[in-house]
Amino acid sequence: MDMSFTPEHLAFRDQVRAWIRSAMPPHIRAKADVDGAFEQGEVMEWHKLLFRKGWIAPHWPKEHGGPGLDATSRFILTEELELAGTPHLSPFGLSMVGPLLMQFGSDAQKKRFLPKILSGEEVWCQGYSEPNAGSDLASLKLRAEDDGKGHFVLNGQKTWTTYAQYADWIFCLARTDPGGRKQEGISFILVDMKTPGVTAKPFLTTGGTPAFSETFFENAVVPHENVVGPLNGGWTVAKALLGHERTVIAAVGQSARQLRRIKRIAADTLSNGKPLLDDPGFRAKIARLEVKFRAVQMANYRALASAQLGHAPGPEASILKIRGSEILQQSLELAMEIMGHDSLAWFNEPGVIPAPEQWVASAFNYTRATTIYGGTNEIQKNVIAKLILSLPSR
Amino acid sequence: MNFDLSQDQKLLVDTAAAFAKRESPIARLRSMREDPVGYSRGVWKQMGELGWLGILLPESLGGFGGGFQDAALILEKLGTTLVPEPYVASVILAGSTILALGTDEQRARWLQPLAAGDVTLALAYAERESRFNPAAIATVAQKSGAAYRLSGEKVFVLNGHAADALVVSARTSGSRGDRDGVSAFVLDAKTPGLSVRSIKTMDGHHAAMITLQDVEADASRLLGPAGGAGGALERAVDLGAAAACAEGVGIMQTVLAMTRDYLCTREQFGVKIGTFQALQHRCVDMFIETELARSASMWASIKADDADDVERKTAISAAKVQLATSGKFVTQQAIQLHGGIGVTDEHDVGLYFKRMHVLNTLFGDEEYHLTRFASLPSFRAGIDAIP
Ligand SMILES: Cc1cc2nc3c(=O)[nH]c(=O)nc-3n(C[C@H](O)[C@H](O)[C@H](O)COP(=O)(O)OP(=O)(O)OC[C@H]3O[C@@H](n4cnc5c(N)ncnc54)[C@H](O)[C@@H]3O)c2cc1C
């Protein structure tokens, strides 16, 4: 067993760090420094810089425009981007529909969609959840009726559709056959957001930032060729996607950055003339969180090393989403506690509270979502109980 | 980065697993609890023949030329059936100290018979008021001519009741808490003035309370330079902590499997209790904690031999805190999910619970390692990246 990076990997890490330093535009760096929420325009500006560098899709195979990096280099690239606080790229094209098209799409679909996902010319969103189909996704009701003229006509509603308001395309699960078991009769359909009858109505999140929308479909006409995979076989396609999603959500790099922020704030916050970082009680709290984090980070390294060697994900991978999301939440909670009264401030002029604290309250609220999206942590536990522990079901 | 085991390591793991199952199933610990020694010389000899007792030693000393990682692999498997032989006391604590400090002669004299399974050893470092710090000792060694005279008390010396020889720490200069000035001596158990009171510990093992009254030790007994053993003792106790982590993973994995099986067989309300979601999620939490403790323990065993003290201490303290958190949770919930039967001495789950408590306490408890973790320079690394 060996935890060190090879000299080649260390050199790659230096190269990534140097590139981030020189490539990040000043206005993006300023926001990264305080871990502020990036505007859509800023995210896409960063997307295009990474695209030009060839690093936009580290996990894509070379034939589809990926950089052909090994698993460790991919990990290094992702971790360094997160540690530097760079804008989080939208995962819907790059990590979800992209890999899925590679697996299930026709050649024409791949050719039509993949290049524009890479370049950022087309922005995607994910239309799975509905008002009455969340964890129980298979009970979804968005109807897609064949008009007999080569089209489906879509009627119904999606919800919690992250960034639908900015998206050019949405990938949807829709019911193409209302009979049979609820997992049957579902198809995976790509819909142009400009299609007449498709509208997105954004919500404001508790973080005070725009994120997700309700997405409505009223007689939206979509050509048959936009179905990915077999007709009525969308459930299999959807399940493959959830696998792609989970590893992203462990957010180890983000938590590492949050821990540093906590220590920065604790070092700068004085109580009775002494930094809170030197207060035994607060130190112990921070240390306890860091220990939990290190264990998850180590589990993440294990998953990575195993991927590097081409093994299937082991049991350690399944715990990453659950504990990773909890630790990110706990790190924001602890930052809020250390901030004391400063944690009460809500979107004021700069200077009301110190700069490193500026975005903590918003993130503290928004990260409540990390244990909900991508399959709630309760659902993850159901999956582990069944698939890993083989516990009986009623 | 690679966490796969080598071919040799895989073989070691398989052998250790089979050995634990065949030679020392959990019933053996149960039956040894009332034995005054608590383990058997015959089994110890077998462990020597397998090469396990010399695992950390160079081949010139009859050893295996391995590293701490190899010892950790064995310990994890010994934990699955709570094998009572004094592996940690002899190999990890006393053995590593003699290896680190001893002259060639001293190493040959004590470690060769250890590797062969002919002797067992102990490290007497803990005292009533030292808590977990091996430098906070009151035992003194006073120079008298070419020899030293040792006086003081040592508590809860693992295998102290049966060891053939003991490594004893004593202060030759400096004051309580200083790492400098701590010396180590290796003494025969029968040395005049050294009195050993055997006591029982919760996990079914035995240990010793030891009194030293003007015990004479000549220069051949001093390990390393006078006053220069502090670092090696600190490291030996750290290895003990990393060993506890590895053994603890074996325990967690075992009680998790026991609990899972119970959920699949026990019925109440006309159904298997494993169909209740509250219990399924609890069992999943046990699984998660076990995997996290395993991850942390792997980190500790990889860093145990690191030349950089800070790297070693960071990983080991983190792993020991994780062991405490996970180990407590997993063994407590194992009892809870067994219901009443879990609280009987008859059921094995209680034996694992007890051993886990012992492991959590030995070599620095949660609080000790949390405080140490937060006071290392590594704790402040990276703050400057946030402007
Ligand atoms: C910030 C954010 C962004 C999102 N982005 C998208 C997106 O882009 N596209 C998209 O399609 N969806 C998105 N989602 C939706 C997300 O996938 C769902 O919120 C999630 O699957 C849960 O569904 P629900 O909200 O309907 O809650 P429900 O399923 O109603 O769950 C309510 C509670 O009941 C629990 N529960 C439900 N069933 C069980 C069970 N069987 N056992 C135990 N507990 C159970 C849940 O864990 C939860 O605590 C997003 C959600 C959030 C918060």
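Residues numbered from 1 in each chain as written. Chains lettered and ligands numbered in written order. Predicted model: local features only at pLDDT ≥ 70, side-chain atom pairs only at ≥ 80, totals over all residues. Heavy atoms only, no water.

A few words on the overall build of chain B. The helix and strand tally for chain B stands at eleven helices and ten strands. On C-alpha atoms alone, chain B measures out to a radius of gyration of 21 Å, which is about the 21 Å that the 2.2 N^0.38 rule sets for 387 residues. Dimensions of chain B, computed from the C-alpha atoms along their principal axes, are close to 80 × 60 × 40 Å. In chain B, buried positions account for 61% of the 387 residues. Between the averaged position of the 38 positive side-chain charges in chain B and that of its 45 negative side-chain charges there is a distance of 4 Å. (Helix = DSSP H or I, 4+ residues; strand = E, 2+ residues; numbered from the N terminus. Rg over C-alpha atoms; globule rule 2.2 N^0.38 Å. Buried < 20%, exposed > 50% of the residue type's maximum accessible area, 1.4 Å probe, protein only. Lys, Arg positive; Asp, Glu negative; His and termini not counted. Charge placed at Lys NZ, Arg CZ, Asp CG, Glu CD.)

All right, on to the site of the ligand then. Around the ligand lies a shell of 19 residues, among which S129(A), S135(A), W160(A), T162(A) and T376(A) are the nearest. Looking at what sits near the ligand, you find residues from chains A and B. Measuring from a nitrogen atom of the ligand, one finds a backbone N or O atom of W160(A) at 2.9 Å. The separation between an oxygen atom of the ligand and a polar side-chain atom of T376(A) is 2.7 Å. Burial of the ligand by the protein chains amounts to 68% of its free accessible area of 960 Å². Where the shell around the ligand is concerned, the elements lending two or more residues are β3 (151-162) and α12 (377-388) of chain A. Residue classes in the shell around the ligand are distributed as nine nonpolar, nine polar and one charged. Two domains each put at least three residues into the shell around the ligand: domain 2 (124-238) and domain 3 (249-387) of chain A. (Near = heavy atom within 4 Å. Polar contact = N/O pair within 3.5 Å; in protein donor to acceptor, adjacent residues only side chain to side chain. Areas by Shrake-Rupley, 256 points an atom, 1.4 Å probe, with all protein chains shown as cover. Nonpolar A, V, L, I, M, F, W, Y, C, P; charged D, E, K, R; others polar. Domains from an automatic or database assignment.)

Moving on to the packing of aromatic side chains. Residues and elements named next belong to chain A. Applying the stated criterion to the full structure yields 21 aromatic pairs over all chains. Relative to W124, the ring of F113 has its centre 5.5 Å away and its plane inclined at 75°; by these criteria the two rings are edge-to-face. One end of the pair, F113, is in helix α6 (residues 107-119); the other, W124, is in strand β1 (residues 124-127), with eleven residues separating them in the sequence. By relative accessible area, which is 2% here, W124 ends up buried. Where Y128 meets F171, the ring centres are 6.0 Å apart and the plane angle is 90°; that geometry is what we call edge-to-face. Within this pair, whereas Y128 is found in the loop between β1 and β2 (143-146), its partner F171 is found in strand β4 (residues 169-175), the two being separated by 43 residues in sequence. Take Y128: its relative accessible area is 4%, and that puts it in the buried class. (Phe/Tyr/Trp six-rings, centres within 6.5 Å; stacked < 30°, edge-to-face > 60°.)

The N-to-C vectors of helix α9 (residues 280-308) of chain A and helix α11 (residues 366-375) of chain B enclose an angle of 90°; their axes lie 9 Å apart at closest approach. Classified by the interaxial angle, the pair formed by α9(A) and α11(B) is roughly perpendicular. Residues R283(A), A284(A), A287(A), R288(A), E290(A), V291(A) and R294(A) of α9(A) lie in contact with α11(B), whose contacting residues are E366(B), L370(B), F373(B), A374(B) and S375(B). A breakdown of the residues in the contact of α9(A) with α11(B) according to their chemical character gives six nonpolar, one polar and five charged. (Axes fitted to C-alpha atoms, helices over the stretch in contact; angles between N-to-C directions. Parallel < 35°, antiparallel > 145°, perpendicular 65-115°, else oblique. Contact = heavy atoms within 4.5 Å.)

This next bit is on the environment of C125(A). Topologically, C125(A) is positioned in strand β1. Distance from C125(A) to W235(A), taken between C-alpha atoms, is 18 Å for residues 110 residues apart in sequence.

Another aspect to go through is the interface of chain B and chain A. In this assembly, 52 residues from chain B lie in contact with 51 residues from chain A. Across the interface of chain B and chain A, roughly 5,000 Å² is buried in total on both sides, 67% from carbon and sulfur atoms. Looking only at chain B, the three residues that lose the most surface to chain A are M1(B), F379(B) and I386(B), adding up to 17% of its buried area. In this assembly, chain B and chain A are joined by six salt bridges. A salt bridge links D278(A) to R380(B); its shortest N-O distance comes to 2.6 Å. (Buried area = accessible area lost by both parts, 1.4 Å probe. Salt bridge = Lys/Arg side-chain N within 4 Å of Asp/Glu carboxyl O.)

It is worth spelling out the nonpolar core at this point. F171(A), F188(A), L190(A), Y87(B) and I92(B) are the most contacted members of the largest nonpolar core, which has 206 residues in total. In this view, L190(A) contacts V97(A), L101(A), F113(A), W124(A), W169(A), I170(A), F171(A), V222(A), N226(A) and V228(A); residues no more than four positions away in its chain are not counted. Counting 19 residues, the second-largest nonpolar core is a separate cluster that includes L150(B), L166(B), L187(B) and L194(B). (Core = buried A, V, L, I, M, F, W, Y, C linked by side-chain atoms within 4.5 Å.)

Residue and element names in this part refer to chain A. Per the domain assignment, the segments of chain A are domain 1 (7-89), domain 2 (124-238) and domain 3 (249-387). Between the C-alpha centres of domain 1 and domain 3 there is a distance of 21 Å. If you look at the interface, domain 1 gives 18 residues, while domain 3 gives 17 residues. In total, domain 1 and domain 3 occlude about 1,400 Å² of area from one another, counting both sides; carbon and sulfur atoms represent 54% of this. Among the residues of domain 1 in contact with domain 3, V34, F75 and L83 are the three that bury the most area, contributing 38% of the side total.

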